[in-house]
Amino acid sequence: MKFSKSRREFALSALFFGINANAFTLKNPGRDEKIYKYVGDKTKHFVMVVDLRKCVGCQGCTSACIVENNVSEDNYRTFVNEYEIGSYPDVRKSFLPSLCNHCKNPSCVSVCPTGATFKRDDGIVVVDNTICWGCGYCINACPYDKRFYNKKTKVADKCTFCAHRTDNGLLPACVETCVGGARVFGNLKDKNSEVYRLLSTYPTTVLNKSAGTKPQVFYIGLDSRISDYISNLALQDDFIKRKESGITKEWSVKFKEDL
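This is a predicted model, so every value here is computed, not measured.

Right, let's get into the overall build of the protein chain. Counting its regular elements, the protein chain contains eleven helices and nine strands. Counting across all 259 residues of the protein chain, residues that qualify as buried make up 49%. Of the accessible surface of the protein chain, which amounts to about 14300 Å², a share of 52% is contributed by carbon and sulfur atoms.

This part is about the pairing of strand β8 (residues 183-187). Along β8, five of the five residues are buried, which leaves the element largely enclosed by surrounding structure. As paired strands, strand β1 (residues 46-51) and β8 are joined by five bridges and run antiparallel to one another. Residue M48 lies in a different strand from β8, and its bridge partner there is F185.

Considering the arrangement of structural elements, one finds N28 in the loop between α2 (22-25) and α3 (29-32). Given the relative accessible area of 3%, N28 is considered buried.

Moving on: helix α5 (residues 60-69). Those residues of α5 that sit buried are G60, C61, T62, A64, C65 and N69. Just beyond α5, the residue with positive phi is N70, at close to 50 degrees.

The subject of this paragraph is the packing of aromatic side chains. The final tally for this structure, using the stated rule, is four aromatic pairs. With a centroid separation of 6.3 Å and an interplanar angle of 20 degrees, the aromatic rings of Y38 and F118 are classed as stacked. A residue pair is termed long-range when its members are at least 10 positions apart, and Y38 in helix α4 (residues 36-39) and F118 in strand β4 (residues 117-119) qualify at 80 residues. Of the two residues, Y38 and F118, neither departs from the other in class, the shared state being buried. One aromatic cluster in this structure is built from F46, F161 and F185. Sitting above the plane of the Y202 ring, R53 keeps its charged end 4.6 Å from the centroid.

The next thing to look at is the side chain of D223. In this fold, D223 is placed in the loop between β9 (217-220) and α11 (224-245). Side chain to side chain, D223 and R92 meet in a polar contact 3.4 Å long. Beyond its immediate sequence surroundings of up to four residues, D223 is in contact with I85 and R92.

Bringing the state of the cysteines into the picture now. Summed over the entire model, instances satisfying the criterion amount to zero disulfides. Here C174 stays free of any disulfide, with the sulfur of C162 as its closest cysteine sulfur at 6.3 Å.

Turning our attention to the sheet that holds β9. Strands pair in a sheet through their backbones, by hydrogen bonds, and they do so in one of two ways: parallel or antiparallel. Taken in spatial order, the three strands of this open sheet run β8-β1-β9, and their pairing is mixed. Taken across any chain shown, the strands that pair with only one partner, and hence form the sheet edges, are β8 and β9. If you compare each strand with its neighbour and ignore which way they point, the axes differ by 20 degrees on average. Direction of pairing for β1 relative to β9: parallel, over a ladder of four bridges. Bridge pairing links V49 to F218 in β9. Where helix α10 (residues 194-201) meets the sheet, it contacts β1, β8 and β9, and its direction lies at approximately 110 degrees from that of β8.

A word on the pattern of salt bridges. As a working rule, side chains carrying opposite charge can pair if their charged atoms are close by. Applying the stated rule across the entire model yields nine salt bridges. For R92, the salt bridge is made with D223, and the minimal N-O distance between the two is 3.4 Å. Residue R92 is located in strand β3 (residues 90-99), and its partner D223 is located in the loop between β9 and α11; the two are separated by 131 residues in the primary sequence. Since its relative accessible area comes to 44%, R92 is described here as partly exposed. Accessibility expressed as a relative area gives 13% for D223, which makes it buried. We note a salt bridge from E194 to R197, for which the minimum N-O separation is 2.6 Å. Of this pair, E194 and R197 both sit in helix α10, three residues apart, roughly one helical turn. A single salt-bridge network, built from bridges that share partners, covers E68, R165 and E176.

It is worth spelling out the environment of A211 at this point. Mapping A211 onto the fold places it in the loop between α10 and β9. Once the C-alpha coordinates of A211 and P143 are considered, the two residues, 68 residues apart in sequence, prove to be 6.7 Å apart.

The rules behind each value
- Residues numbered from 1 in each chain as written.
- Predicted model: local features only at pLDDT ≥ 70, side-chain atom pairs only at ≥ 80, totals over all residues.
- Heavy atoms only, no water.
- Helix = DSSP H or I, 4+ residues; strand = E, 2+ residues; numbered from the N terminus.
- Buried < 20%, exposed > 50% of the residue type's maximum accessible area, 1.4 Å probe, protein only.
- Areas by Shrake-Rupley, 256 points an atom, 1.4 Å probe, with all protein chains shown as cover.
- Pairing = 2+ DSSP bridges.
- Phe/Tyr/Trp six-rings, centres within 6.5 Å; stacked < 30°, edge-to-face > 60°.
- Lys NZ or Arg CZ within 6 Å of the ring centre and 35° of its normal.
- Polar contact = N/O pair within 3.5 Å; in protein donor to acceptor, adjacent residues only side chain to side chain.
- Contact = heavy atoms within 4.5 Å.
- Disulfide = S-S within 2.5 Å.
- Axes fitted to C-alpha atoms, helices over the stretch in contact; angles between N-to-C directions.
- Salt bridge = Lys/Arg side-chain N within 4 Å of Asp/Glu carboxyl O.

In C-alpha cells:
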C-alpha cells in the first residue's frame, strides 16, 4: 500500500468519505475529557527491559500478543528476530525481541495529521482508531519499523504495552507469557520496581539510538554486531524513502541521554 498523497488530498478524501470531524481539529474527545485510558497516570513512567541473556526465542510472546490483541493476519505487534553472529567455527544464534519503543520523543506523534497518535502521561504511545485515517505518515516516520496498517480496522496499529491490561494492574501479555523471564515491565518512577533495579545495575542499550527518539525499551546483553546491523538497515531504509518520496530531512533530533 502506498502513502503518497498530500495532507490536502487526505482532507478532501476525508470530507468525501465522511471521516470523523474530530480528525480535522486535532482534538481527541477522550483526552479532552481526561478519560483515564487516554491520559494514563502521570505519576508513572512505564518502560520495558529485555534481558537477552534469558531469551530462548520461543515466540511465546508473539503468540500471546496476537491472541490478546486480535492482531491482523501477517502482522505483528511484537516479534522475536533470530540472528547468527560470528564466523565459522565460532558461530552462535542470538534472539532479539522487538516492539514499539514507546519513545520519549516519538517521531510518529509529530507527523500524525489527525492527532490519533499520541503519548499518554505515563509514557505509553497509543493510536485512537476512531480518529486515525490510516494515512500511513506515522508508519513511515517510525525509525524502528514497528507500526503497520491493520487490514481489519483500516488504521495504523502497533504495540500499546497492552494498555488495557496495565490500566487494570496487569502485565502486558508478552511479559506474562515469557517463559524465560526475559521481558520485565514496570514503573521507572518506582525505585523499588524491578525495571529500576535492572537499569541501575546493568549496562543497557537501545535500538537505533542515533534516531534521537529516546526509546523506552532497554536491552541487556545486546551484541553490538546486531545493533550495528539494525542501524545499517535503518539507514538503507531512510535512503530508499528519500529516493521514493523526495524527503530530504528526517523528523529526528539527537539527544544526550536515553533516560
